[in-house]
Amino acid sequence: MYQEIFSKYTPTKDNLIYILHDIQDSDPQHYISEEAVQAISEYLNLPANHIYGVITFYSMYSTTPRGKNIIRLCESPHCYIKGSENILRKMKNSLNVGVGETTKDGVFTLELCACLGVCGNAPVMMINDDVYGDLTEDKVDDILAKLREVK
Amino acid sequence: MAKTVNVWLDGNHIEVPETMNIIEVADKYGVHIPRLCYHPDLPPTANCGVCVVEVSGNPLPKRACCTPVAEGMKITTNSKKLRAYRKTLVEMILSNHEVVCPTCSANNKCELQTLANNLGVDPDHLPTILHKAVKDETSVSIIRDINKCIACGRCVTVCNEVQTVYALTFADRGFDSHVDTAFAGGMANSPCVNCGQCTVYCPTGALREKSEIDAVWEAILDPDKHVIVQEAPAIRVSLAEEFGMELGTVTVKKMYAALRKLGFDAVMDTNFTADLTIMEEGTEVVEKLKAGSKRPVITSCSPGWIKFMETYYPDLADCVSTAKSPMSMFGVLAKTYYAEEQKIDPAKIVTVAIMPCTAKKFEARRPELRDSGYQDTDYVLTTREFLRMVHEGGIDFKHIKEEDADENMSFYTGAGTIFGATGGVMEAAIRSAYTLVTGEELEAIDITAVRGLVGVKKATIPVPGFGDLNVAVAHGLGNARILMDEIREGLAKNGVSPYHFVEIMACPGGCVGGGGQPYGNDMAMRARRGEGLYQEDRDLPVRKSHHNPEVKRIYERFLGAPNSPLALKLLHTYYFKRSVNSGQVTEQATHKHH
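Residues numbered from 1 in each chain as written. Chains lettered and ligands numbered in written order. Predicted model: local features only at pLDDT ≥ 70, side-chain atom pairs only at ≥ 80, totals over all residues.

### As for the overall build of chain A
Point 1. Scanning chain A from N- to C-terminus turns up 7 helices and 4 strands.
Point 2. Seen in sequence order, chain A has helices and strands lined up from the N terminus as α-α-α-α-β-α-α-β-β-β-α.
Point 3. Projected onto the principal axes, the alpha-carbon positions of chain A cover approximately 50 × 30 × 25 Å.
Point 4. Out of the 151 residues belonging to chain A, those deemed buried represent 29%.
Point 5. Taking the contacts inside chain A whose residues are at least 6 apart along the sequence as the reference set, 58% of them involve residues at least 24 apart. (Helix = DSSP H or I, 4+ residues; strand = E, 2+ residues; numbered from the N terminus. Buried ≥ 20, exposed ≤ 12 C-beta atoms within 10 Å, placed from the backbone. Contact = placed C-beta atoms within 7 Å.)

In structure tokens form, the structure reads like this:
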């Protein structure tokens with residue numbers, strides 16, 4: 001199943017990052033499994049411990065299965081000053097999960113991230129590839145409800 | 001010769017090669033720069049920052065471990081500013097370290113403890129923040145205690161760059177960064193070969209052997225058990241340093257006396273079965289040579305190497321000698337030959353092996369090594385564990401009256417004792433194989449071409465009636481990989497191995513540099529331990545395994561002849577193929593002789 005991704009890249013270690021992204025993006029649970037690492041290890045002739053080190057170094061990669069939608073709430077100073085802490089509390093209550101956890105129905109995973117570069121609209125979060133700014137506690141429920149409806 | 005540069009080290013003018021780093025220059029000229037992650041055997045990683053020095057023209061201090069010297073450089077190694085830097089750094093490291101010195105296995109040997117003491121660090125300056133991580137106790141050989149880890153990275157460097165085992169890595173980042181195995185599966189579920197080099201290079205007690213001391217005391221105190229002890233060649237040359245005696249002194253007779261005082265019922269010697277290994281392995285080599293085999297014979301004594309081979313080179317498993325290691329030969333003979341001769345029920349025999357090695361703990365538990373009908377080797381203690389027992393037993397080792405070993409399974413030759421140094425098994429084997437092939441005695445028995453610390457050593461020995469015998473020796477698994485790749489390529493391209501006979505030892509320097517050896521050693525110290533063994537070889541009356549009278553006797557009375565059906569049953573084994581990800585057995589690679 002990984003061969004299609006591998007065929008796009010020459011087997012050199014500088015392609016590791018791209019291959020990891022593609023594998024994670026193509027996984028319905030948005031993560032990189034142990035089996036995937038073993039396959040990459042064979043393709044790139046790179047030890048599995050090295051690949052694991054790279055995956056865990058970057059916060060964008062996950063080694064555990066995640067939900068359909070990945071929420072990344074900015075925890076940098078600008079957003080913090082503008083109340084990201086309240087948004088986080090609200091989000092935890094609404095979703096009934098802690099940071100790094102996935103909702104029971106598998107629809108959302110809640111994560112924190114560093115600055116997203118849209119400080120003018122703080123507090124900010126990204127859900128999948130979309131940015132949501134000027135967040136308030138009320139807005140959060142609307143956004144989550146809409147995403148829940150998407151099949 | 002590299003170009004030299006003029007440098008002023010603390011005001012003293014010196015001329016040094018431009019390829020050297022500041023810390024190497026300082027060490028050479030007797031200036032000790034405080035350090036923590038730097039080790040002379042390993043490439044610098046600049047993780048800890050303790051070795052900072054002031055360098056002319058630089059407003060900020062430089063790390064001495066990774067800053068090369070340059071023309072006109074003025075280096076200050078000790079100043080108020082540097083002392084403050086170092087103190088703060090060590091305080092920060094200590095704040096994230098579980099400080100339990102009195103009960104720690106590294107107490108008095110810990111580089112962090114010494115450094116904190118030397119720098120006058122204030123323990124209350126910073127609050128302690130521990131990760132409270134769970135210890136990795138999955139391995140039968142090695143325990144990883146993350147709370148004592150200071151993330152210096154030496155274990156990661158030695159595991160990946162020196163040994164090329166690829167078990168340990170840094171995971172996560174920033175303050176969460178820690179040493180781990182892939183997917184946090186634990187060392188037992190990684191390609192770890194149990195070589196224990198990580199435990200030797202760890203500056204603290206974060207990596208150590210899984211101790212079997214309690215079980216051994218228990219056996220000793222059980223009146224129903226007959227407890228037999230055997231000691232590897234490298235042990236006798238590694239005990240002296242603990243007691244302030246000259247490095248590399250052979251203390252074999254003090255060792256026997258101490259073991260008897262600790263309460264072992266029978267004190268014997270692994271060196272005896274080292275000689276026996278030469279007879280079994282040497283015969284195997286000679287038979288293969290006579291049959292014109294295109295594939296090499298590779299030694300099988302080193303359990304770290306065996307697991308490495310099963311993991312990374314299972315396609316060459318048939319090239320590895322089927323002879324068990326001297327430790328395992330000893331175990332099986334103790335519970336068969338010795339039990340019969342002494343009329344002792346083998347069920348009551350407990351065999352304890354004192355080894356310079358953590359991988360021997362794994363070897364002892366291999367399910368296939370039970371040809372006596374019991375687990376052939378019951379317990380394995382590292383040199384460090386044995387030393388702890390000596391201290392616990394209140395033994396004044398330095399002044400203890402020398403004693404001989406018991407008469408059984410203890411006589412050894414110079415060939416047996418040099419097993420403990422890289423190239424020793426090869427040299428011992430050549431001394432006897434020469435006679436097995438030609439029927440004549442080899443006169444020039446000091447085969448210096450295979451001695452010393454060159455990573456891969458090669459030699460050609462002319463053997464009358466056979467021709468040139470091509471041999472190669474590798475120590476350290478990174479060097480083993482180089483040699484094995486060459487052999488694999490030779491077999492694939494030309495259908496023939498470039499060497500007839502190959503010795504591989506997992507640890508740099510051979511067993512004297514083993515993962516169970518006393519803390520605080522480097523390659524230079526390993527070399528001196530090795531020299532101690534070569535000195536003992538020169539001093540011994542018998543220096544060839546086939547002249548060992550007790551080896552002759554065991555063949556006459558019990559085994560018949562080398563590679564006889566009984567010898568093949570008891571003294572030879574087979575190998576497996578293992579997953580490079582989990583280290584677990586996936587299939588059997590070779591079969592036992594019948």
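Structure shown, so let's carry the discussion forward.
### Re the overall build of chain B
Point 1. The helix and strand tally for chain B stands at 18 helices and 19 strands.
Point 2. Against the compact-globule benchmark of 25 Å for 594 residues, chain B has a radius of gyration of 25 Å, which places it among compact chains.
Point 3. Viewed in the frame of its principal axes, chain B has a C-alpha envelope of about 75 × 60 × 50 Å.
Point 4. The buried share of chain B, reckoned over its 594 residues, is 52%. (Rg over C-alpha atoms; globule rule 2.2 N^0.38 Å.)

### So, the domain arrangement of chain B
Residue and element names in this part refer to chain B.
Point 1. Entries for chain B in the domain assignment read domain 1 (4-78), domain 2 (102-209) and domain 3 (214-588).
Point 2. Measuring from the centre of the C-alpha atoms in domain 1 to the corresponding centre in domain 2 gives 26 Å.
Point 3. On the side of domain 2, 15 residues touch domain 1, which itself brings 10 residues to the contact.
Point 4. Per-class residue counts for the side of domain 1 that touches domain 2 are 7 nonpolar, 3 polar and no charged. (Domains from an automatic or database assignment. Nonpolar A, V, L, I, M, F, W, Y, C, P; charged D, E, K, R; others polar.)

### Remarks on the packing of helix H3 (residues 34-44) of chain A against helix H4 (residues 48-57) of chain A
Residue and element names in this part refer to chain A.
Point 1. H4 packs onto H3 with a crossing angle of 120° between their chain directions and a minimal axis gap of 9 Å. Viewed along their axes, H3 and H4 adopt a mutual orientation that is oblique. The interaxial crossing formed by H3 with H4 has right-handed handedness. Contact with H3, carried on its side by Val 37, Gln 38, Ile 40 and Ser 41, involves Ala 48, Ile 51 and Tyr 52 of H4 and no other residues of that element.
Point 2. Here the contact of H3 with H4 is built from residues that sort into 5 nonpolar, 2 polar and no charged. (Axes fitted to C-alpha atoms, helices over the stretch in contact; angles between N-to-C directions. Parallel < 35°, antiparallel > 145°, perpendicular 65-115°, else oblique. Left-handed = near helix turned anticlockwise from the far one by under 90°.)

### Structural notes on the packing of helix H8 (residues 270-290) of chain B against helix H10 (residues 326-342) of chain B
Residues and elements named next belong to chain B.
Point 1. Across the interface, H8 lies against H10 with an axial gap of 8 Å and an inter-helix angle of 105°. With respect to H10, the axis of H8 lies roughly perpendicular. Contacts between H8 and H10 involve Thr 270, Thr 273, Ala 274, Leu 276 and Thr 277 from the first element and Pro 326, Met 327, Met 329 and Phe 330 from the second.
Point 2. Its residues assigned to classes, the contact of H8 with H10 shows 6 nonpolar, 3 polar and no charged.

### Comments concerning unusual backbone geometry
Residue and element names in this part refer to chain A.
Point 1. Residue Pro 123 is bonded to the preceding Ala 122 through a cis peptide linkage, with omega at -5°.
Point 2. Residue position: Pro 123 is located in the loop between strand E2 (108-113) and strand E3 (125-127).
Point 3. Phi angles above zero are rare outside glycine, and Asp 134 is one such case at about 45°.
Point 4. Residue placement: Asp 134 occurs in the loop between strand E4 (130-132) and helix H7 (137-149).
Point 5. Using a count of 12 C-beta atoms within 10 Å as the deciding quantity, one classes Asp 134 as exposed.

### Some points on the sheet that holds strand E16 (residues 467-475) of chain B
Point 1. Judged by pairing direction, the sheet is mixed, and its 4 strands sit side by side in the order E12-E17-E16-E15 (chain B) without closing on themselves. In the strand order of this sheet, the two ends are held by strand E12 (297-298) and strand E15 (456-463) of chain B, each with one partner. (Pairing = 2+ DSSP bridges.)

### A look at the interface of chain A and chain B
Point 1. Taken together, the contacts link 12 residues of chain A with 12 residues of chain B.
Point 2. Examining the composition of the side of chain A that touches chain B, we find that 7 residues originate from one element, H4 of chain A, more than from any other.
Point 3. Along the lines of polarity and charge, the residues of the side of chain A that touches chain B split into 5 nonpolar, 6 polar and 1 charged.

### What about the environment of Lys 361 of chain B?
All names here are of chain B.
Point 1. Within the fold, Lys 361 resides in helix H11 (residues 359-364).
Point 2. Assessed through the 27 C-beta atoms surrounding it within 10 Å, Lys 361 is described here as buried.
Point 3. Among residues more than four places away in sequence, those in contact with Lys 361 are Val 140, Ser 141, Asn 194, Lys 210 and Val 380.

### What about the environment of Lys 457 of chain B?
Residue and element names in this part refer to chain B.
Point 1. Mapped onto the elements, Lys 457 comes out in strand E15.
Point 2. Residues Lys 457 and Val 473, spaced 16 residues apart in sequence, show a C-alpha to C-alpha distance of 5.0 Å.
Point 3. Filtering out sequence-adjacent residues up to four positions away, Lys 457 remains in contact with Gly 423, Ala 449, Val 450, Ala 472 and Val 473.

### Notes on helix H2 (residues 16-26) of chain A
In an α-helix, one turn spans 3.6 residues; hence positions three or four apart end up facing the same way.
Residue and element names in this part refer to chain A.
Point 1. Of the positions making up H2, those classed as buried are Ile 19, Leu 20, Ile 23 and Gln 24. Buried residues in H2, looked at end-on, bunch into an arc of 130°, giving them a common side. In H2, the exposed residues that point more than 90 degrees away from the buried face are Tyr 18 and Asp 25.
Point 2. In this structure, the buried residues of H2 make contact with helix H1 (3-6), H3 and H4. (Arc of directions from axis to C-beta.)

### Quick look at the domain arrangement of chain A
Point 1. Segmentation of chain A into domains returns domain 1 (3-57) and domain 2 (69-149).
Point 2. Once you take the C-alpha centre of each, domain 1 of chain A and domain 2 of chain A turn out to be 28 Å apart.

### Some words on helix H17 (residues 549-559) of chain B
Residues and elements named next belong to chain B.
Point 1. Those residues of H17 that sit buried are Val 551, Ile 554 and Leu 559. End-on, the buried residues of H17 take up no more than an arc of 55°, which puts them together on one face. In H17, the exposed residues that point more than 90 degrees away from the buried face are Pro 549, Lys 552, Arg 553, Glu 556 and Arg 557.
Point 2. Elements in contact with the buried residues of H17: H8, H10 and helix H18 (565-571).
Point 3. After H17 finishes, the residue Gly 560 shows a positive phi value of roughly 90°.

### Overview of the environment of Glu 246 of chain B
Point 1. By the element assignment, Glu 246 of chain B lies in the loop between strand E10 (226-231) and helix H7 (252-262).
Point 2. Separated by 282 residues in the primary sequence, Glu 246 of chain B and Arg 528 of chain B have C-alpha atoms spaced 9.9 Å apart.

### Focus: the pairing of strand E17 (residues 501-505) of chain B
All names here are of chain B.
Point 1. Here E17 lies mainly inside the structure; 5 of its 5 residues are buried.
Point 2. The alternating pattern of E17 places Phe 501, Glu 503 and Met 505 on one face and Val 502 and Ile 504 on the opposite face, and all of these are buried.
Point 3. Judged from the 2 bridges that link them, E12 and E17 form a sheet pairing that is parallel. Among the inter-strand pairings, Ile 298 is bridged to a residue of E17, identified as Val 502.
Point 4. Where E16 and E17 come together, 5 bridges link them in parallel fashion. Residue Val 473 lies in a different strand from E17, and its bridge partner there is Glu 503.
Point 5. You can see the chain leave E16, run along helix H15 (residues 477-494) and come back into E17, and the turn it takes is right-handed. (Right-handed = clockwise from strand over helix to strand, strands pointing away.)

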